[in-house]
Amino acid sequence: MEKSMNSTTLARTKSEQLVIETQAAATQTSKSPTMQNEDAPITSESMGTLSRKSSQRMVVGASPGRSSGGNKNNSHIRKARSAQVKLDVEELSNGAALSRASSASLGLSFSFTGFTVPPDGITDSKPFSDDDIPEDIEAGTCKPKFQTEPTLPIYLKFSDVTYKVITKGMTTSEERDILNGITGAVSPGEVLALMGPSGSGKTTLLNLLGGRLIQSTVGGSVTYNDQPYSKFLKSKIGFVTQDDVLFPHLTVKETLTYTARLRLSKALSRQQKEKRAIDVIYELGLERCQDTMIGGSFVRGVSGGERKRVCIGNEIIINPSLLFLDEPTSGLDSTTALKTVQTLQNIAEAGKTVITTIHQPSSRLFHKFDKLVLLGKGSSLYFGRASEAMAYFSSIGCSPLIAMNPAEFLLDLANGNINDISVPSELEDKVQMGNSETETRNEKPPPAVVHEYLVEAYESRVAENEKKKLMTPLPLDDEIKLKVFSSKREWGASWWQQYCILFCRGIKERRHDYFSWLRITQVLSTAIILGLLWWQSDSKSTRGRQDQAGLLFFIAVFWGFFPVFTAIFTFPQERAMLSKERAADMYRLSAYFLARTTSDLPLDLILPVLFLLVVYFMAGLRLSAGRFFLSMLTVFLCIIAAQGLGLAIGATLMDLKRATTLASVTVMTFMLAGGYFVKKVPVFISWIRYMSFNYHIYKLLLKVQYQDITPPVNGIKTDNGLWEVGALVAMIFGYRVLAYLSLRRMQLHRGA
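As annotated in an unreviewed UniProt entry, the chain carries the name ABC transporter domain-containing protein and is attributed to Gossypium mustelinum. What UniProt records for the chain under Subcellular location (unreviewed entry) is the sentence "Membrane". Turning to the chain, the UniProt record has this under Sequence similarities (unreviewed entry): "Belongs to the ABC transporter superfamily. ABCG family. Eye pigment precursor importer (TC 3.A.1.204) subfamily."

Set out below in structure tokens:
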């Protein structure tokens, strides 16, 4: 007992001594010449004009061990203090005193009282950021800064933006307003937050500002450096979707490297592009997981925060002028969300314009935004500085009655919920009038009335002034303005380079699925069962050839059925990725389609080789090298033709349920008309067998095995089979052309 009391006293004494020394060092540092006008009083105006970036430099400059001139001295001071406060394990039992002393040494006090806390009081305090971890300071390591190379500054303005959706019913069509006259602006170096409850139009507004909505249903004006949207901006815009659209089997490094090779300028070499990918990995703090797979629903990979940072890295790797993010903090804990928004803040400070939607942020996260657009039911309730939002709503009579997170307060207002919120006198008058339609049981106005009041207040107090500001032309050179208006697309790689990159990426991504134990077991077990059933069958007798004809027909059916239902999933599963990458102009659709279809071939042709090696020799088919390789070539033709049918069905329907149903009916019809079950097909339906690849493959396999044997098996003529080969080649190219045209139609329909 006595020993614990002594250790506690010792800890408290050393902690208090550390506090005194730290405060003295901070006082001396604060008097350095870098702090200008230190004796001048700090007013609210000066606090408002002080940028976040300069405040961060002040905090860093006041931190011991951060100045460039005193690194050695500060490191000796830290080591001396570390030795002074080094306690035994037993003496650390009372950590409360030490934690209190550490808090006091930082000179901070978090007596949070809700909405009255000024934003600069709880924003980027460097002692709480990831960059100030003591281990990093002691090791002398620090994360590289975000890209500081010159980028085209883009000032985004939007005035009276409207958007309508036409809902088509069975007999009538209905128009629904999604956005009603939204106005705002954001400049380089700022972070604009679009906030509002679910269904308020945040994502729609973000897509509209990013040029990802069909312009025919958009009203108002959206300008970039006072110029309308052009295809050139695709190479200057980064867009992070709400869902993390990534390939699960690629590592973090591979994902960013492929993006860099596809999107960066042709003027850069491959080594320079790969170096940019590595730089982004270190900028985002992903170096520890760079060789880890992204992962997905059935594949273990990186964490949610790391996956979100990879998505951000995919966009900032091109050094964009505009960065759009759709709810980047969804599904993340508060600490990870704060780190993510801190990343966005650092990106903005590098001269980029950042616009993000946000849903229910924490109080610390809310104060990191420069500007705020508050939406409610598609209407604008506030636009301006995020730090001035509470003052604005207080001026119209809406103030929180208890200590409350500013974001929660604003979302309650946007929802029309005024519990624990003061009611403006105008709304009180409506309640006291005794109107049964507006009066509620607790004498609170209903949400619809609150929403109407907020919209009217914004229109009368803020909207007109903001619209006048937007009418003022930007003080920019004409050259910068005309750069935005260029209609020329900028491809990061040539067509052949795009094809090669996508081909390699496709093989790396899908090799895990193709060579899974489940698929290998399925093919080999089927081959072994067939070999045992037709074990060393006799090809010399008529009866034996009839049995082998059944085996050959099953091979034609199996390798016609298997690739169809594998290829069906190709485009529907990659639709989100295709839409995302095509919207960013990463590659041409033709390069993607050819790479996607040809990268499957090396993988698709390995398992059939194993299958035939087992079946051919176990079943006792005719032992001849020529016949064996011709049989394998015939199976390859079957696989490629069947794969084309699956690609066409999947690309045309883009719905797995409907595509699977249609493929089942089609494959069953082709199998029945394949020439084995029905020898004489009625004339009015006989044309189906000529469209069936099963029919042509079955005839080719019979001709390969029994070309010089009479009488012919099942009455099939034993000619050279050129007609069947020509029909299969026509199917191979015809189905793929249909699939490509279907993808092209989908892209045009989506406005990409």
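Moving on, we come to the overall build of the chain. Secondary structure summary: the chain contains 29 helices and 9 strands in total. Looking at the 752 residues of the chain, the share that counts as buried comes to 48%. Taking as baseline every contact in the chain between residues at least 6 positions apart, the subset at least 24 positions apart corresponds to 75%. As displayed, the chain offers around 37,600 Å² of accessible surface, 57% of which is attributable to carbon and sulfur atoms.

This next bit is on the pairing of strand β1 (residues 156-168). Both β1 and strand β2 (residues 173-186) contribute to a ladder of 10 bridges, which runs antiparallel. For threonine 167, the partnering residue across the bridge sits in β2 and is glutamate 174. Note that β1 and strand β4 (residues 218-224) share 6 bridges and pair antiparallel. Of the residues in β4, the one forming a bridge with serine 159 is serine 221.

Right, let's get into the side chain of arginine 261. Inspection of the secondary structure puts arginine 261 in helix α8 (residues 252-263). Although arginine 261 is buried, it makes no salt bridge; glutamate 274 carries the closest opposite charge, 4.9 Å away.

Comment: phi is negative for the bulk of residues other than glycine, and the bulk of peptide bonds are trans. At aspartate 160, a position not held by glycine, the phi torsion is positive, near 50°. Relative to the helices and strands, aspartate 160 is located in strand β1. A residue is classified by how much of its surface remains accessible, and aspartate 160, at 34% relative accessible area, is partly exposed. The backbone of glutamine 536 sits at a positive phi, close to 50°, despite the residue not being glycine.

Counting 98 residues, the largest nonpolar core has Leu156 and Phe393 as the members making the most contacts within it. Here the element with the most residues in this core is helix α16 (residues 447-471); it accounts for 9 residues. Once residues within four sequence positions are removed from consideration, leucine 156 is found in contact with Gly184, Ala185, Val186, Leu209, Val222, Thr223, Tyr224, Leu322, Phe324 and Ile355. In this structure, Leu250, Trp534, Leu551 and Leu612 belong to the second largest nonpolar core, which totals 78 residues.

What follows covers the pattern of salt bridges. By the definition in use, this model includes 20 salt bridges. Ionic pairing is found between aspartate 226 and lysine 157, a salt bridge with its closest N-O pair at 3.5 Å. Separated by 69 residues along the polypeptide, aspartate 226 in the loop between β4 and β5 (237-240) and lysine 157 in strand β1 bring together distant segments of the chain. For aspartate 279, the salt bridge is made with lysine 275, and the minimal N-O distance between the two is 3.2 Å. Separated by 4 residues within a single helix, aspartate 279 and lysine 275 lie in helix α9 (residues 270-283), roughly one turn from each other. Residue classification places lysine 275 among the exposed residues on the basis of a relative accessible area of 51%. A single salt-bridge network, built from bridges that share partners, covers Arg510, Glu574, Arg596 and Asp600.

Before going further, it helps to examine the packing of aromatic side chains. This structure, assessed with the given rule, holds 29 aromatic pairs. Centre to centre, the rings of phenylalanine 571 and phenylalanine 593 are 5.9 Å apart; their planes meet at 15°, and the pair counts as stacked. You can see phenylalanine 571 sitting in helix α21 (residues 570-573) and its partner phenylalanine 593 sitting in helix α23 (residues 589-604), a full 22 residues away along the chain. Comparing phenylalanine 571 with phenylalanine 593 shows no difference in burial state: the two are buried. Feature note: the residues Phe554, Phe558, Trp559, Phe562 and Phe611 constitute an aromatic cluster, connected by ring pairs.

By the element assignment, glutamate 315 lies in helix α10 (residues 304-316). On the basis of relative accessible area, glutamate 315 is assigned to the buried category, the value being 4%. Within the structure, the side chain of glutamate 315 is placed 3.0 Å from the side chain of arginine 263, a separation counted as a polar contact.

Within strand β8 (residues 371-376), 6 of the 6 residues are buried, which leaves it mostly tucked inside the rest of the structure. Of the two faces of β8, both are covered, the one formed by Lys371, Val373 and Leu375 as well as the one formed by Leu372, Leu374 and Gly376. Bridging between strand β3 (residues 191-195) and β8 involves 4 bridges; their strand directions are parallel. Paired with alanine 193 across the strands is leucine 372, a residue of β8. Strand direction decides the pairing type here: β8 and strand β9 (residues 379-385), joined by 6 bridges, are antiparallel. The partner of valine 373 across the bridge, within β9, is phenylalanine 383. Between β8 and the antiparallel strand that follows it, β9, lie 2 residues; lysine 377 among them carries a positive phi value of about 55°.

The next point concerns the UniProt feature "transmembrane region" (unreviewed entry) in the chain. UniProt's feature table lists "transmembrane region" (unreviewed entry) at residues 514-537, 549-571, 601-621, 628-653, 659-677 and 722-743, given in the numbering used throughout. Along residues 514-537 one finds 75% helix and 0% strand; the C-alpha atoms at either end are 32 Å apart. Secondary structure over residues 549-571 splits into 91% helix and 0% strand, and the C-alpha atoms at its two ends are 36 Å apart.

On to helix α20 (residues 542-567), then. For α20, with 26 residues, the first-to-last C-alpha span of 38 Å sits near the 38 Å given by 1.5 Å per residue. For α20, a buried count of 19 out of 26 residues is recorded, marking the element as mostly surrounded by other parts of the structure.

Criteria and thresholds
- Residues numbered from 1 in each chain as written.
- Predicted model: local features only at pLDDT ≥ 70, side-chain atom pairs only at ≥ 80, totals over all residues.
- Heavy atoms only, no water.
- UniProt positions renumbered as here; feature names shortened; annotations may be inferred.
- Helix = DSSP H or I, 4+ residues; strand = E, 2+ residues; numbered from the N terminus.
- Buried < 20%, exposed > 50% of the residue type's maximum accessible area, 1.4 Å probe, protein only.
- Contact = heavy atoms within 4.5 Å.
- Areas by Shrake-Rupley, 256 points an atom, 1.4 Å probe, with all protein chains shown as cover.
- Pairing = 2+ DSSP bridges.
- Lys, Arg positive; Asp, Glu negative; His and termini not counted.
- Salt bridge = Lys/Arg side-chain N within 4 Å of Asp/Glu carboxyl O.
- Core = buried A, V, L, I, M, F, W, Y, C linked by side-chain atoms within 4.5 Å.
- Phe/Tyr/Trp six-rings, centres within 6.5 Å; stacked < 30°, edge-to-face > 60°.
- Polar contact = N/O pair within 3.5 Å; in protein donor to acceptor, adjacent residues only side chain to side chain.
- Expected span 1.5 Å × (residues − 1).

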